Amino acid sequence: MSNPTIVSGKEVANKVKEEIALAVKQLKKNGGKIPHLAAILVGNDGASQTYVNAKVKACEKVGFESTLVQLDANITEQELLIEVEKLNNNNAIDGYIVQLPLPKHIDEQKVTEAIDPKKDVDGFHPVSLGKMLLDLPSFLPATPYGITEMLKHYNIPTEGKHCVVIGRSHIVGSPMSVLMARNTYPGNCTVTITHSRTQNLKAITLQADILIVAIGKPEFVTADMVKEGATVIDVGIHRVEDNSKKSGFSLLGDVKFDEVAPKCAFISPVPGGVGPMTIASLLKNTLLAVQLK
Ligand code: NAD
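1. Quick word on the sheet that holds strand β3 (residues 65-71)
Item 1. Read from one edge to the other, the open sheet built from three strands follows the order β3-β2-β4, with strand pairing classed as parallel. Edge positions in the open sheet fall to β3 and β4 (95-98), since each of these has one partner strand only. Direction aside, neighbouring strands of the sheet carry axes that sit 15° apart on average.

2. Here we look at the site of the ligand
Item 1. Neighbouring the ligand are 22 residues, the closest being Arg168, Ser169, His195, Ser196 and Thr278.
Item 2. Between the ligand and Arg168, the relevant distance is 2.8 Å, taken from an oxygen atom to a main-chain nitrogen or oxygen of the residue.
Item 3. One nitrogen or oxygen atom from the main chain of Val235 is found 3.4 Å from a nitrogen atom belonging to the ligand.
Item 4. Looking at the shell around the ligand, the element that brings in the most residues is helix α10 (residues 274-292), giving three residues.
Item 5. Across the shell around the ligand, the residue classes break down as nine nonpolar, ten polar and three charged.

3. A closer look at the domain arrangement of the chain
Item 1. Along its sequence, the chain is organised into domain 1 (31-116) and domain 2 (141-275).
Item 2. Computed over C-alpha atoms only, the centres of domain 1 and domain 2 are separated by 28 Å.

4. Some points on the nonpolar core
Item 1. Ranked by internal contacts, the top residues of the largest apolar core, which has 45 residues, are Ile20, Phe64, Ile147, Met180 and Ile212.
Item 2. Element by element, the count of residues in this core is highest for α10, at eight residues.
Item 3. Each of domain 1 (31-116) and domain 2 (141-275) accounts for three or more of the residues forming this core.
Item 4. Sequence-distant contacts of Ile147, that is, excluding residues within four places in its chain, are made with Met176, Ile212, Ile233, Val235 and Val274.

5. Regarding the environment of Asn183
Item 1. Here Asn183 shows up in the loop between α7 (173-181) and β6 (190-194).
Item 2. Taking the C-alpha atoms as reference, Asn183 lies 9.0 Å from Asp135; in sequence the two are 48 residues apart.

6. Digging into the sheet that holds strand β8 (residues 230-234)
Item 1. In space, the six strands of this open sheet follow the order β1-β11-β8-β7-β5-β6, with parallel pairing throughout. Taken across any chain shown, the strands that pair with only one partner, and hence form the sheet edges, are β1 (5-6) and β6.
Item 2. Pairing of strand β5 (residues 162-166) with strand β7 (residues 210-213), which is carried by four bridges, proceeds in the parallel orientation. Following the sheet pairing, Cys163 is matched in β7 by Ile210.
Item 3. The strands touched by α7 within the sheet are β5, β6 and β7, with β6 carrying the most contacts at an inclination of about 170°.

Cut-off values and rules
- Residues numbered from 1 in each chain as written.
- Predicted model: local features only at pLDDT ≥ 70, side-chain atom pairs only at ≥ 80, totals over all residues.
- Heavy atoms only, no water.
- Pairing = 2+ DSSP bridges.
- Helix = DSSP H or I, 4+ residues; strand = E, 2+ residues; numbered from the N terminus.
- Axes fitted to C-alpha atoms, helices over the stretch in contact; angles between N-to-C directions.
- Near = heavy atom within 4 Å.
- Polar contact = N/O pair within 3.5 Å; in protein donor to acceptor, adjacent residues only side chain to side chain.
- Nonpolar A, V, L, I, M, F, W, Y, C, P; charged D, E, K, R; others polar.
- Domains from an automatic or database assignment.
- Core = buried A, V, L, I, M, F, W, Y, C linked by side-chain atoms within 4.5 Å.
- Buried < 20%, exposed > 50% of the residue type's maximum accessible area, 1.4 Å probe, protein only.
- Contact = heavy atoms within 4.5 Å.

In structure tokens form, the structure reads like this:
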């Protein structure tokens, strides 16, 4: 193989956003409720601020209403839980997210569990994850959901394929492995989930028809780890210093794109791959929250 199909999350995300914008127009026309997404941001972490701003901007683009609740890094856990409760009780807000990570003195799990599952558009609440396991309609975690939409858009065959997932985080690797094993399309894969204690990782990744990489290490996956003709989806995002760029940095994924791409049938790039789909899926979940009301 030398000419892989580039799985452009940017392109799929634009299509999803156009569809959502149309749905919002229709809602407006019929006097329905305009979807309203809120985000809680605690502290001044640069990356979190960038992510939240991108989410708010995306809301504006599709015609949603949005609210940003910005809180001081020193807020106590109890004070944050009160803010969460306010959003739970605010009928104008259809869905909301609490941007992670939270400062160390706050228990993320406790905060996640305080979110009303009906407004849990990030899909991190145990109720959402449980429903996903049971194939019940629910808010799917945005990143894995976005990846399934990318596979669908490019008609990438999944049935009977061996899907190897690198990483077992609760927000990416674990839910991804569940979705790829589901009895539907995309899904019906034989799934292997790998993690920091996995031995002989390369021997396993070389068996992958579909390799989904969420390890959080820049350019970790190299050409010698990938089977000829595989589909590779790169979830990682890393800002690395790059003086040749005007911004002073460039973005790298978890996959060494230039050397891996020629071996692939399909590969997603960074940037322009999974990242834009995560936001698009969050918007989809917010629209779903309005529809489920
Ligand atoms: P994480 O750090 O929570 O998880 C990393 C996983 O990699 C862990 O489960 C760990 O067991 C596994 N791992 C570590 N070393 C390993 C090894 N040698 N072999 C196999 N597995 C190993 O990370 P995360 O939250 O899942 O995120 C992963 C990456 O994806 C990060 O770069 C993150 O920034 C990025 N990310 C991107 C998006 C997006 O929208 N594009 C969304 C979420 C996360």
